[in-house]
Each structure stands twice: as C-alpha cells, then as structure tokens.
Amino acid sequence: MKLKVMEWNIHGAASMGWNNNYTIPKFVVDRILNEEAEIIILAEFVISKGWDYLQSKFEESNYVWFMTHTSSQNGILIAINKNIEGLNLEEIKKY
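I will try to describe carefully the structure that is included in this document. Since the model is a prediction, treat every value here as computed from it, not as a measurement.

1. Points about helix α1 (residues 26–34)
Among the residues of α1, Val28, Val29, Ile32 and Leu33 are the ones counted as buried. Considered in projection along α1, the buried side chains sweep an arc of 125° and stay on one side of the axis. Residues of α1 that are exposed and point more than 90 degrees away from the buried face comprise Lys26, Phe27 and Asn34. Looking at the residues trailing α1, positive phi occurs at Glu36, about 55°.

2. A few points about the packing of aromatic side chains
Tallying each qualifying case throughout the model produces four aromatic pairs. Judged by centre distance (5.8 Å) and plane angle (70°), the rings of Phe45 and Trp51 are edge-to-face. Each member of the pair, Phe45 together with Trp51, is buried. In textbook terms, an aromatic cluster arises when at least three aromatic residues are bridged by ring pairs, as seen for Phe45, Trp51, Phe58, Tyr63 and Trp65. The ring of Tyr53 has Lys26 sitting right over it, with the charged end atom 5.0 Å from the ring centre.

3. What to know about the side chain of Asn81
Looking at the secondary structure, you find Asn81 in strand β4 (residues 73–81). With a relative accessible area of 12%, Asn81 lands in the buried category. In this structure the side chain of Asn81 is engaged in a polar contact, spanning 2.8 Å, whose partner is the backbone nitrogen of Asn83.

4. Overview of unusual backbone geometry
For His11, which is not glycine, the phi dihedral falls at a positive 55°. Following the sequence through the fold, His11 ends up in the loop between β1 (5–9) and α1. For Glu36, which is not glycine, the phi torsion reads 55° and is therefore positive. If you trace the backbone, Glu36 turns up in the loop between α1 and β2 (39–45).

5. Notes on the sheet that holds β1
Pairing is mixed in the open sheet, where four strands are placed in the order β1-β2-β4-β3. Of all the strands in the sheet, just β1 and β3 (63–70) have a single pairing partner and so form its edges. Going from strand to strand, the sheet's axes swing by 10° on average, the running direction of each strand aside. Here β3 runs beside β4; their pairing, made up of seven bridges, is antiparallel. When the bridges of β4 are listed, Trp65 appears paired with Ala79. α1 rests against β1, β2 and β3 of the sheet, and its axis sits at about 160° to β1. Those strands touched by helix α2 (residues 51–60) are β2, β3 and β4, and its axis lies near 150° from that of β3.

Parameters and conventions
Residues numbered from 1 in each chain as written. Predicted model: local features only at pLDDT ≥ 70, side-chain atom pairs only at ≥ 80, totals over all residues. Heavy atoms only, no water. Buried < 20%, exposed > 50% of the residue type's maximum accessible area, 1.4 Å probe, protein only. Helix = DSSP H or I, 4+ residues; strand = E, 2+ residues; numbered from the N terminus. Arc of directions from axis to C-beta. Phe/Tyr/Trp six-rings, centres within 6.5 Å; stacked < 30°, edge-to-face > 60°. Lys NZ or Arg CZ within 6 Å of the ring centre and 35° of its normal. Polar contact = N/O pair within 3.5 Å; in protein donor to acceptor, adjacent residues only side chain to side chain. Pairing = 2+ DSSP bridges. Axes fitted to C-alpha atoms, helices over the stretch in contact; angles between N-to-C directions. Contact = heavy atoms within 4.5 Å.

Spelled out as structure tokens, the structure:
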C-alpha cells in the first residue's frame, strides 16, 4: 500500500500566541488539505491564532491528530486520515 505523506514547516517560531502576531494562515491550511495526503506532518507547530480553523478543517476532512506542544517551544503535529484501509487508531494511541 502506498500512502501520500505531506510535511510542512509552518514556522511557528516557538510563538506564545498572546505576545506576537504569529497566525497559522488559512491559505496554508487550505493548501495542505488540497494535497489530500493520508498523513500530514507539521513541523515547528505551536497552538496559536488560526488553530481553530486548522482543527475544524481536519475534522471536516476526517483526520485525527496528535501533537506535542509546550508553550514557547516548537512542537510537531501529525494528522492521519481515518479512511486509511486497515488503520487501527487504538494501536496508534499507544505510541
């Protein structure tokens, strides 16, 4: 089986959403989802302005996501489409 994986460095720059103007741009979210990848990896991820749009688009597109995030540090977000044949989310949760 082949899976399409997309990685994007969204340059969160260890943002503390309340003390600068960093926003996850809507056009970036739309571009990422237009690729229709089964797995999406966002590097330098931080929860910031625009997170609500990203989350709603993931939900609409049938993704589950896992992330590491600590305030003022860059994290990573991995989103996996629930429609992957043979996907076992319970097994993934263990990791």
